[in-house]
Amino acid sequence: ESDNEDWSFSVSLKKINNIIKVIPNNELIEIIKFNDELLITVKDLKFKICLFFDMINKNIFTEKNEQAIFSMSSIQLQAIYKKIFFSIAENDFRIYLNGIFFDIKENILFAVTSDGYRLSMYKLNLFYNNIFKQIIIPGRNFFDIVNIFHLYEDIKIFIYDKYIKFASKNIV
């Protein structure tokens, strides 16, 4: 498509993670949107990801439906995961047990997991916001998010009506 045209897209984090694993360090990456596909080329490696039509040029992260914003360091995010990951259920038919329940009340974040037998909770004081929100993040997705961010990186967390966004200086 035209070089002057702006576009945005949504791609599965798992697909991008799998591609990143095989890309050599310090290599130039070429990304081209062609029709409903994303073409990624690195040296002799070529990847093609099909984009879903309803997700192309649809920005789900708009400010009008934003409900909560808070920040934490990547160290705090990793601490949450390390303290409560052992009690996340895997492949349970009760889908709410397969994730991490974030309950934000009066500047305190409670991260809770349970597999039906064990219950774990991590409590973190938040600053600057007096927000009330509850959301469940799938355990596997949270693990991927924790591993993407570098140590000592400040992470902003935006909670929308149906989505959650983790953003740092260079990663969204």
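Residues numbered from 1 in each chain as written. Predicted model: local features only at pLDDT ≥ 70, side-chain atom pairs only at ≥ 80, totals over all residues. Heavy atoms only, no water.

Engineer: Got a minute to help me understand the overall build of the protein chain in this structure?
Structural biologist: Along its length, the protein chain carries three helices and ten strands. Of the regular secondary structure in the protein chain, the N- to C-terminal order runs α-β-β-β-β-α-β-β-β-β-α-β-β. The buried share among the 172 residues of the protein chain stands at 35%. (Helix = DSSP H or I, 4+ residues; strand = E, 2+ residues; numbered from the N terminus. Buried < 20%, exposed > 50% of the residue type's maximum accessible area, 1.4 Å probe, protein only.)

Engineer: Looking at this structure, I do not really get the sheet that holds strand S3 (residues 45-50). What am I missing?
Structural biologist: In sheet architecture, strand pairing relies on hydrogen bonds along the backbone and comes in two forms, parallel and antiparallel. Spatial ordering of the open sheet is given by S1-S2-S3, a layout of three strands whose pairing is antiparallel. The outermost strands of the open sheet, each flanked by one partner alone, are strand S1 (30-34) and S3. Averaged over all pairs of adjacent strands, the angle between strand axes in this sheet comes to 20°, irrespective of strand direction. Pairing of S1 with strand S2 (residues 37-42), which is carried by five bridges, proceeds in the antiparallel orientation. (Pairing = 2+ DSSP bridges. Axes fitted to C-alpha atoms, helices over the stretch in contact; angles between N-to-C directions.)

Engineer: Looking at this structure, I do not really get the pattern of salt bridges. What am I missing?
Structural biologist: In total, this model carries five salt bridges according to the counting rule given. When the shortest N-O distance is used, the salt bridge between arginine 118 and aspartate 115 registers 2.6 Å. Classification of aspartate 115 as buried rests on a relative accessible area of 13%. The partner of aspartate 144 in a salt bridge is arginine 140, and the shortest N-O contact between them spans 3.5 Å. In this pair, aspartate 144 and arginine 140 are both assigned in helix H3 (residues 139-148), four residues apart and thus about one turn of the helix distant. On the basis of relative accessible area, aspartate 144 is assigned to the buried category, the value being 10%. (Salt bridge = Lys/Arg side-chain N within 4 Å of Asp/Glu carboxyl O.)

Engineer: How do you make sense of the nonpolar core when you look at a structure like this?
Structural biologist: For soluble globular proteins, nonpolar side chains are generally found buried alongside one another. Core analysis: the biggest nonpolar cluster contains 26 residues, and Phe70, Leu77, Ile80, Leu109 and Phe142 have the highest contact counts within it. Secondary-structure elements contributing two or more residues to this core are strand S4 (68-73), helix H2 (74-84), strand S5 (99-105), strand S6 (108-114), strand S7 (119-125), strand S8 (133-138), H3 and strand S9 (154-159). Considering each element in turn, this core owes the most residues, four residues, to H2. Membership of the second largest hydrophobic core comes to seven residues, among which are Ile19, Leu38, Ile40 and Ile49. (Core = buried A, V, L, I, M, F, W, Y, C linked by side-chain atoms within 4.5 Å.)

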